[in-house]
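# Notes for the structure review
This is what each chain is made of:
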Amino acid sequence: MTAFSNLAIYIRAQQNSTELAEKVRADALSSWTTVGVVSALILTMVKFTDKAEQQFSDDPWLDCNEFICSEIHVALSGIAMVASTFSVVYATNAYTWMCMTTVDRTADFIETFPGALAFPSDGMIVGVLAWVLDSVWLAVLSNGARNIIPVALVSFLCCCYMASVFRNMRRFVWKNPALQGVECQGLLQ
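Basis of the calculations
- Residues numbered from 1 in each chain as written.
- Predicted model: local features only at pLDDT ≥ 70, side-chain atom pairs only at ≥ 80, totals over all residues.
- Heavy atoms only, no water.
- Helix = DSSP H or I, 4+ residues; strand = E, 2+ residues; numbered from the N terminus.
- Buried < 20%, exposed > 50% of the residue type's maximum accessible area, 1.4 Å probe, protein only.
- Contact = heavy atoms within 4.5 Å.
- Areas by Shrake-Rupley, 256 points an atom, 1.4 Å probe, with all protein chains shown as cover.
- Phe/Tyr/Trp six-rings, centres within 6.5 Å; stacked < 30°, edge-to-face > 60°.
- Salt bridge = Lys/Arg side-chain N within 4 Å of Asp/Glu carboxyl O.
- Axes fitted to C-alpha atoms, helices over the stretch in contact; angles between N-to-C directions.
- Parallel < 35°, antiparallel > 145°, perpendicular 65-115°, else oblique.
- Nonpolar A, V, L, I, M, F, W, Y, C, P; charged D, E, K, R; others polar.
- Patch = residues over 30% accessible without salt bridge, like charges linked within 9 Å, V, L, I, M, F, W, Y side chains within 5 Å.

Next up on the list: the overall build of the protein chain. Within the protein chain, the regular secondary structure consists of six helices and zero strands. Helices (α) and strands (β) of the protein chain occur, in sequence order from the N terminus, as α-α-α-α-α-α. Within the protein chain, buried positions represent 35% of all 189 residues. A separation threshold of at least 6 residues defines the contact pool for the protein chain, and within that pool the share at least 24 residues apart is 84%. Roughly 11200 Å² of accessible area belongs to the protein chain as shown, and the carbon and sulfur atoms make up 64% of that amount.

Below is the structure:
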């Protein structure tokens, strides 16, 4: 059970459930819009079709003749492309169908599609992280590993921090006391 599906139970347990359902709908639609736009933006910046070639040939730390430089780029940019595309399509789909669902069926929608908020966000975060790592990798190939180390270290630390913040925020929402301990019996009928 996710925080989103617990929210369906919580909506049904409240006396003023229509007002709460309207707020949840508005918040979900806003979230899907933001995630979809950010993922689409990342998708436009992914350089999946670009060839990764070492342009800094005097690099003592990296030799693409002996290392899988191109494959790393294909993997990172491919992950960024797939994750961002998934996020855009899922967020757009969820937005569309939530709009077509009546307010009184909001809890049913949430219960039926418990990952509807988490999946697009997950895809966006994975897309962003893979894009950043691929961008740094391409910079290493263009400018040499020694020249990019400071940027690479800062980028890596930022990626770790972003992933940690995302995980902690998600954990915070999942452990929301308002969504915990709501008895399911009688609320789902």
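Per the stated rule, a full pass over the model turns up five aromatic pairs. Residues Phe86 and Tyr90 carry aromatic rings whose centres are separated by 5.5 Å and whose planes lie at 55° to one another, so their mutual orientation is tilted. In this pair, Phe86 and Tyr90 both sit in helix H3 (residues 69–99), four residues apart, roughly one turn of the helix. By relative accessible area, Tyr90 is classed as partly exposed at 23%. Centre to centre, the rings of Phe109 and Phe113 are 5.1 Å apart; their planes meet at 50°, and the pair counts as tilted.

Okay, the environment of Gly115 next. Take Gly115: it is sitting in the loop between helix H4 (106–112) and helix H5 (118–143). In this structure Gly115 touches Tyr90 and Pro120, once residues within four positions along its chain are discounted.

Take the pattern of salt bridges next. Tallying each qualifying case throughout the model produces two salt bridges. Between Asp27 and Lys23 there is a salt bridge whose closest N-O contact spans 2.6 Å. Of this pair, Asp27 and Lys23 are both found in helix H2 (residues 17–45), four residues apart, which corresponds to roughly one turn of the helix. Looking at Lys23, the relative accessible area reads 48%, which means it is partly exposed. With its nearest N and O atoms 2.7 Å apart, the salt bridge here joins Arg105 to Asp108. Residue class for Arg105 comes out partly exposed when judged on its relative accessible area of 47%. Assessed through its relative accessible area of 23%, Asp108 is described here as partly exposed.

Below, the discussion takes up the packing of H5 against helix H6 (residues 145–174). Contact geometry for H5 and H6: axes closest at 9 Å, N-to-C directions at 175°. The orientation of H5 with respect to H6, classified from their angle, is roughly antiparallel. Only Ala145, Asn147, Ile148, Ala152, Ser155, Cys159, Met162, Ala163, Phe166 and Arg170 of H6 make contact with H5, whose side of the interface consists of Ala118, Ser121, Asp122, Ile125, Val128, Leu129, Val132, Leu133, Val136, Ala139, Val140 and Asn143. For the contact of H5 with H6, the residue count by class is 16 nonpolar, four polar and two charged.

A cluster of nonpolar side chains, Trp61, Ile149 and Leu153, forms an exposed patch at the surface whose accessible area comes to about 310 Å². Along the chain, the position of Leu153 falls in helix H6. A relative accessible area of 52% means that Leu153 is categorised as exposed.

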